[in-house]
Amino acid sequence: MATPSFDLIDVIRTIQKQKRFIIIITAVSLALGGLFLAIKKKKYKAESRFFVNNPLYGDRNTLFRQFETRYVDYFGGDDDLDKVTALANSDTVRDRIIRNCQFEEVYKGASLNDSNGHAMYMAIFNKNFNIKRSEYKDLEVSYVAYDPRTAANVANMTVKVLEETYRHYYTYMKEGINKSISAKVRQLDSSINVLTDTLAEMRDRYGIYSIISPGRQNVINGEIKGGGKGFGKAVETIQNIESVKDQLVTDRAKYISVLNEFSASASDDIGYLKVITRALPPTSPTGPSLTLTLMVAGFLGLFFSVTYTLMIAYLRKLNEVLR
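Residues numbered from 1 in each chain as written. Predicted model: local features only at pLDDT ≥ 70, side-chain atom pairs only at ≥ 80, totals over all residues. Heavy atoms only, no water.

Caption draft 1: Representation of the overall build of the protein chain. From N to C terminus, the protein chain includes 10 helices and four strands. Reading the protein chain from its N end, one meets helices and strands in the order α-α-β-α-α-α-α-α-β-β-α-α-β-α. Residues counted as buried form 32% of the 323 residues belonging to the protein chain. Restricting to contacts in the protein chain with at least 6 residues of sequence separation, those with at least 24 account for 76%. (Helix = DSSP H or I, 4+ residues; strand = E, 2+ residues; numbered from the N terminus. Buried < 20%, exposed > 50% of the residue type's maximum accessible area, 1.4 Å probe, protein only. Contact = heavy atoms within 4.5 Å.)

Caption draft 2: Molecular detail of the side chain of N178. Along the chain, N178 falls in helix α8 (residues 148-206). Take N178: its relative accessible area is 12%, and that puts it in the buried class. Excluding residues within four positions of it along the chain, N178 makes contact with L259, F262 and S263.

Caption draft 3: Looking closely at the sheet that holds strand β1 (residues 44-52). Here we have four strands laid out as an open sheet, ordered β2-β3-β1-β4, and antiparallel in their pairing. The sheet is open, and its two borders are formed by β2 (129-133) and β4 (273-277), each paired with just one other strand. Neighbouring strand axes in the sheet, compared pairwise and without regard to direction, differ in orientation by 30° on average. Sheet topology places β2 next to strand β3 (residues 139-145); five bridges connect them, and they run antiparallel. Among the inter-strand pairings, N130 is bridged to a residue of β3, identified as S142. The strands touched by α8 are β1, β2, β3 and β4; relative to β1, the strand with the most contacts, the crossing angle is about 20°. (Pairing = 2+ DSSP bridges. Axes fitted to C-alpha atoms, helices over the stretch in contact; angles between N-to-C directions.)

Caption draft 4: Representation of the packing of aromatic side chains in the model. One pass over the full model with this rule turns up 14 aromatic pairs. Geometrically, the ring pair formed by F51 and F75 is edge-to-face, given 5.2 Å between the ring centres and 65° between the ring planes. In this pair, F51 sits in strand β1 while F75 sits in the loop between α3 (60-63) and α4 (78-88), placing the two residues 24 residues apart along the sequence. Among the residues examined, F75 registers a relative accessible area of 45% and is labelled partly exposed. Within the aromatic cluster, the residues linked to one another by ring pairs are F103, Y107, Y121, F125, F129 and Y143. (Phe/Tyr/Trp six-rings, centres within 6.5 Å; stacked < 30°, edge-to-face > 60°.)

Caption draft 5: Quick look at the nonpolar core. Residues F50, V52, V84, I97, F103 and F125 are the most contacted members of the largest nonpolar core, which totals 34 residues. At the level of secondary structure, the elements contributing two or more residues to this core comprise β1, α4, α5 (91-100), α7 (115-128), β2, β3 and α8. For V84, the residues in contact, after removing those within four places along its chain, are F50, V52, L139, L162, Y166 and L273. Membership of the second largest hydrophobic core comes to 13 residues, among which are L188, I192, I208 and L248. (Core = buried A, V, L, I, M, F, W, Y, C linked by side-chain atoms within 4.5 Å.)

Caption draft 6: Main features of the pairing of β3. Most of β3 sits inside the fold, with seven of its seven residues counted as buried. Residues of β3 alternate between two faces, with L139, V141, Y143 and A145 on one and E140, S142 and V144 on the opposite face, all of them buried. Linkage of β2 to β3, two consecutive antiparallel strands, is achieved through a turn of five residues, within which K137 is found at a positive phi near 60°.

Caption draft 7: Focus on α5. When we look at burial in α5, the residues that qualify are V93, R94, D95, I97 and I98. Among the structural elements, α4, α6 (103-106), α7, β2 and α8 are those in contact with the buried residues of α5.

Caption draft 8: Molecular detail of the packing of α4 against α8. Two numbers describe how α4 lies on α8: the axes approach to 10 Å, and their chain directions differ by 120°. The angle between α4 and α8 places the two elements in the oblique class. With respect to the hand of their crossing, α4 and α8 are arranged in right-handed fashion. On the side of α4, the interface is formed by D80, K83, V84, L87 and A88, while α8 contributes L162, T165, Y166 and Y170. Looking at side-chain class alone, the contact of α4 with α8 contains six nonpolar, one polar and two charged residues. (Parallel < 35°, antiparallel > 145°, perpendicular 65-115°, else oblique. Left-handed = near helix turned anticlockwise from the far one by under 90°. Nonpolar A, V, L, I, M, F, W, Y, C, P; charged D, E, K, R; others polar.)

Caption draft 9: Local environment of the environment of V159. The residue V159 is located in helix α8 in this model. For the pair V159 and A279, spaced 120 residues apart in sequence, the C-alpha to C-alpha distance is 9.8 Å.

Caption draft 10: View of the pattern of salt bridges. The full count for this structure, using the stated rule, is 11 salt bridges. Put simply, D138 and R49 hold a salt bridge, and the shortest N to O gap is 2.6 Å. Residue D138 is found in the loop between β2 and β3, and its partner R49 is found in strand β1; the two are separated by 89 residues along the sequence. Accessibility expressed as a relative area gives 2% for D138, which makes it buried. Where E242 meets R203, a salt bridge forms, and the shortest distance between an N and an O atom there is 3.5 Å. Note that E242 is positioned in helix α9 (residues 231-265) and R203 in helix α8, a separation of 39 residues in sequence. Take E242 and R203: they sit in the same class, and that class is buried. (Salt bridge = Lys/Arg side-chain N within 4 Å of Asp/Glu carboxyl O.)

Here it is in structure tokens:
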């Protein structure tokens, strides 16, 4: 059996015969596309962009340089951007965002303290939130919501929570060091007080008031007055105790200096993120425009109607051959 021919001429003739059907289907597709866009609930997208500062600029060794002057870039590198992105994708940060933005009032759902409600709000946030990096080494966070103000508030709150979390990552370690050094200073204070009381009691007992500490190299010891049984041992004992006390006092001064440096570097006044574009409530909805929607709907309608018409015409021609 010979296969029926269906060349370009047949295609054109078929389209000409069924042009009314094709026009109707295309018009219906345009109408459905416009109706879908009209009844679809509008969503709004708010964006905020920021730079990541170099955390080394807030480090103690940078703030209080004692040796060489080393150049430190103001802007964070790729590793710093990766850390901020990892924090933005963490459940800890996202939980703080949905709680600070009061999602249970915005979306009118279950309580955030309920496990199902919390999971629902986390799913909503994960669906509508996005963070990306540009070629200019800045980060952009965006959020999509039905209300423009909600979209802007969530985007701005995200940047705020990220800055606090990223800064706390560094200040937490410095605060731990501060506590450790403070505990050591208190221990030194206690030891120094004990040695001071011991030295004062021995000096009063033997009448030795000269500075006889070998640890104070810039002090020229004068003649030590006094005498009697036990006087020599008292001098030696005072020298030993005084040298230990002087060293403890020196260590205490160093610890306090380091403590002040770490306290300064752990200050909340040092910002780790710099916002360059603050999110504002968008004025136009996100998604395809009316023109694009109608073009896509019209093309789909035209393609479907032409394809359907040609298939029906070919099947008819094939049936005629079979008969």
